[in-house]
Amino acid sequence: MAPVNRRTFGSFVEHMGRCVYTGIYEPGHPSADEDGFRTDVLALARELGVTMIRYPGGNFVSGYRWEDGVGPREQRPRRRDLAWRSIETNEVGIDEFAKWAEKAGTEIMYAVNLGTRGVQEALDVHEYLNHPEGTALSERRRANGAEKPYGIKLWCLGNELDGPWQTGHKTAEEYGLLAASTARALKSAEPDLELVACGSSSSSMPTFGAWESTVLEHAYDVVEYVSCHAYYEEHDGDLGSFLASAVDMDHFVTSIVATADAVGARLKSTKKINLSFDEWNVWYLSRFQNAPLPSEWEVAPRVIEDRYNVADAVVVGNLLISLLRHSDRVTAACQAQLVNVIAPIMTEPGGPAWRQTIFHPFARTAALAKGDVLETRIDSPTYQTARYGEAALVDAVATHDATTGDVTVFVVNRDVTDPVEFTVDLSAFDQPLVVADSWTLTDDDVRATNTSDTPDRVTLRPTSDISTGAVTTEGRTVTLTLPRVS
Ligand code: AHR
């Protein structure tokens, strides 16, 4: 049993594509507020239940100069963003984003540039953001309108520096030394910061595991977290494997926990390093990798605006189940990203904002997962997958809120063709049993999506309204039939 961490329901806003410009920020949009933020998007971000947002990148951060984005707007430079081959206008910087985050009610997880920059620039941005007053950079922040320090506690030491695509890519040895010295310097300024060292950018990296081991050998004493990144997609129409993506996430987590603990054992340390799964989602990455980069340098081009279907939503629900299951060691996580770029929220410039299919499992899980994650035992038939071997057809996790007595069960049926009967044995609880609510996401067409014209085609519906019927209780067991891919 482990507490549900509120930071599990994090998201990610990168200066990439239309996540910031025409995503969260669009002065001139009919819903824009006095700061140029789209209030339709703000309302959806609140409804999504996002608790924390990683900012400002991603690959973008590895070439970013934070000071370009502060001070009078008309003096801010336009720069090339090499990561996404686009133009960054710097109209939005950290002061604007902090305002947005306050309106959205989320904590900020701030990423520093350790690609093209180092210890000094990390200290500078920390002084600007967190130092109370009376120094050059804290006074600059105050002059820019933010009298109080932002008090950002969670900091990422760079992004995906194991990846050859990353500006300023490094070996594990080089990065480990840099991460450790940056962490030491930041902690001299503010000892109770929580710092995240970059782990592997995917479990398919040739250095997966070895990278974390080397980095942590250098930085173990001065960081609290190592990051994990994982994106899943359906390959060659193999829906069965795709629906079992959480098997891979489970394996990812247990591998990195074992790696971190092994380093701790070698160092004779009793400290535990936790995991920040700060990029995860469904992303049709192979489509992006096969497409040419834009030839023109544009502001806010349409980049990786994946449209999600029912199966994608089921996988997202299952990835959340996996994250919750590992709540003892995964104590922060960010779905990548929030708006337009592989996102639960879509917008059209000047037009509507709507919920993609993947919005629904995230929002409902964030709203209902409270209290403690229970040790959940699942007895399920299995099936063979080409990518992940034998996988359970049903996966689930449950939470228990001791203050209300509520038990919430999150469950997926990965069966591509058939419904499955699901029984919950609640005999460990002796309080009176009432099924308060039950909701299901399913559709006859597993490829159905939400569009601006049909924004509510795919949503969660009361289980009693779907064809497989209602929830029944008998004694201390609850039974329902889960439709295929639900
Ligand atoms: O989220 C999109 C990109 O995926 C991020 O910029 C990068 O960190 C990862 O490779």
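Cut-offs applied
Residues numbered from 1 in each chain as written. Predicted model: local features only at pLDDT ≥ 70, side-chain atom pairs only at ≥ 80, totals over all residues. Heavy atoms only, no water. Helix = DSSP H or I, 4+ residues; strand = E, 2+ residues; numbered from the N terminus. Rg over C-alpha atoms; globule rule 2.2 N^0.38 Å. Buried < 20%, exposed > 50% of the residue type's maximum accessible area, 1.4 Å probe, protein only. Contact = heavy atoms within 4.5 Å. Phe/Tyr/Trp six-rings, centres within 6.5 Å; stacked < 30°, edge-to-face > 60°. Axes fitted to C-alpha atoms, helices over the stretch in contact; angles between N-to-C directions. Parallel < 35°, antiparallel > 145°, perpendicular 65-115°, else oblique. Nonpolar A, V, L, I, M, F, W, Y, C, P; charged D, E, K, R; others polar. Arc of directions from axis to C-beta. Core = buried A, V, L, I, M, F, W, Y, C linked by side-chain atoms within 4.5 Å. Domains from an automatic or database assignment. Near = heavy atom within 4 Å. Polar contact = N/O pair within 3.5 Å; in protein donor to acceptor, adjacent residues only side chain to side chain. Areas by Shrake-Rupley, 256 points an atom, 1.4 Å probe, with all protein chains shown as cover. 1 Å grid on protein atoms, 1.4 Å probe; cavity = no way out; pocket = protein on both sides within 12 Å on 5 of 7 lines; lining within 4 Å. Sits in = over half its atoms within 2 Å of the grid points. Buried area = accessible area lost by both parts, 1.4 Å probe. Salt bridge = Lys/Arg side-chain N within 4 Å of Asp/Glu carboxyl O. Points joined across faces, edges and corners; volume = space filled by probe spheres on them.

Quick look at the overall build of the protein now. When helices and strands are counted, the protein shows 11 helices and 24 strands. Over its C-alpha atoms the protein spans a radius of gyration of 22 Å, differing by no more than 12% from the 23 Å that the globule rule assigns to 486 residues. For the protein, the spread of C-alpha atoms along the principal axes amounts to about 70 × 60 × 45 Å. Here the protein holds 486 residues, and the buried ones make up 58% of them. Sequence separation of 24 or more characterises 75% of the internal contacts of the protein that already satisfy a separation of 6 or more.

Here we come to the packing of aromatic side chains. According to the stated counting rule, one finds 15 aromatic pairs in the structure shown. When the centroid spacing of 5.8 Å and the interplanar angle of 20° are considered together, the rings of Phe97 and Trp100 count as stacked. Separated by three residues within a single helix, Phe97 and Trp100 lie in helix α2 (residues 94-104), roughly one turn from each other. Classification of Trp100 as buried rests on a relative accessible area of 0%. Between the aromatic rings of Tyr175 and Trp211, the centroid separation amounts to 5.5 Å while the plane-to-plane angle is 15°, which identifies the pairing as stacked. Taken together, the residues span a long stretch of sequence, with Tyr175 in helix α5 (residues 172-189) and Trp211 in helix α6 (residues 210-219) at a distance of 36 residues.

Let us look at the packing of helix α1 (residues 39-48) against α2. Two elements in contact, α1 and α2, have axes separated by 9 Å at closest approach and are oriented at 55°. Taken together, the axes of α1 and α2 lie oblique to each other. In this structure, α1 uses Leu42, Ala45 and Arg46 to contact α2, whose residues at the interface are Trp100, Lys103 and Ala104. A class-by-class count of the residues in the contact of α1 with α2 yields four nonpolar, no polar and two charged.

A few words now on helix α4 (residues 136-143). Among all positions in α4, only Leu137, Ser138 and Arg141 are buried. Viewed along the axis of α4, the buried residues span an arc of 105°, placing them on a single side of the element. Turned more than 90 degrees from where α4 packs its buried face, Ala136 and Ala143 sit exposed. Buried residues in α4 make contact with α2 and α3 (119-130). The positive-phi residue at the C-terminal boundary of α4 is Gly145, with phi of around 110°.

This next bit is on the nonpolar core. Membership of the largest hydrophobic core comes to 125 residues, with the highest contact counts inside it found for Trp100, Tyr110, Tyr175, Phe277, Trp280 and Leu338. No other element matches the 11 residues that helix α10 (residues 310-325) contributes to this core. When residues of this core are assigned to domains, at least three fall in each of domain 1 (2-370) and domain 2 (382-482). Not counting the four nearest positions on each side in its chain, Tyr110 is found in contact with Tyr55, Pro56, Tyr64, Trp66, Ile94, Val125, Leu129, Ile152, Leu154, Trp155 and Cys156.

This paragraph deals with the site of the ligand. Lining the immediate environment of the ligand, one finds Phe12, Glu14, Gly58, Asn59, Trp84, Asn159, Glu160, Tyr231, Glu279, Trp283, Gln337 and Ile342. Contact distances for the ligand include 3.0 Å between an oxygen atom and a side-chain N or O atom of Asn159. Note that an oxygen atom of the ligand is positioned 2.6 Å from one of the side-chain N or O atoms of Glu279. When isolated, the ligand has an accessible area of 280 Å², and the protein chains bury 95% of it. Judged by its atoms lying within 2 Å of the grid points, the ligand is housed in the second largest pocket. Looking at the shell around the ligand, its residues break down into five nonpolar, four polar and three charged.

When its domains are assigned, the protein resolves into domain 1 (2-370) and domain 2 (382-482). The gap between the C-alpha centroids of domain 1 and domain 2 is 30 Å. Buried area between domain 1 and domain 2, summed over both chains or domains, comes out near 3000 Å², and the portion from carbon and sulfur atoms is 64%. For the pair domain 1 and domain 2, the interface holds two salt bridges.

Turning to the layout of surface pockets, a few remarks are in order. Volume-wise, the largest pocket comes out at about 1200 Å³. Forming the boundary of the largest pocket are 45 residues, of which Leu368, Thr408, Val409, Asp437 and Ser438 lie nearest the centre. Here the lining of the largest pocket takes seven residues from strand β19 (residues 406-413), the largest share from any one element. Residue composition of the lining of the largest pocket, grouped by class: 27 nonpolar, 12 polar and six charged. Counting contributing residues per domain, the lining of the largest pocket is built from domain 1 (2-370) and domain 2 (382-482), each supplying no fewer than three. Around the second largest pocket, the lining is made up of 38 residues, and of these Ser202, Tyr231, Trp283, Leu285 and Gln289 lie nearest the centre. For the lining of the second largest pocket, the elements supplying multiple residues, two or more each, are β9 (225-232) and α9 (285-290). Across the lining of the second largest pocket, the residue classes tally to 19 nonpolar, 13 polar and six charged.

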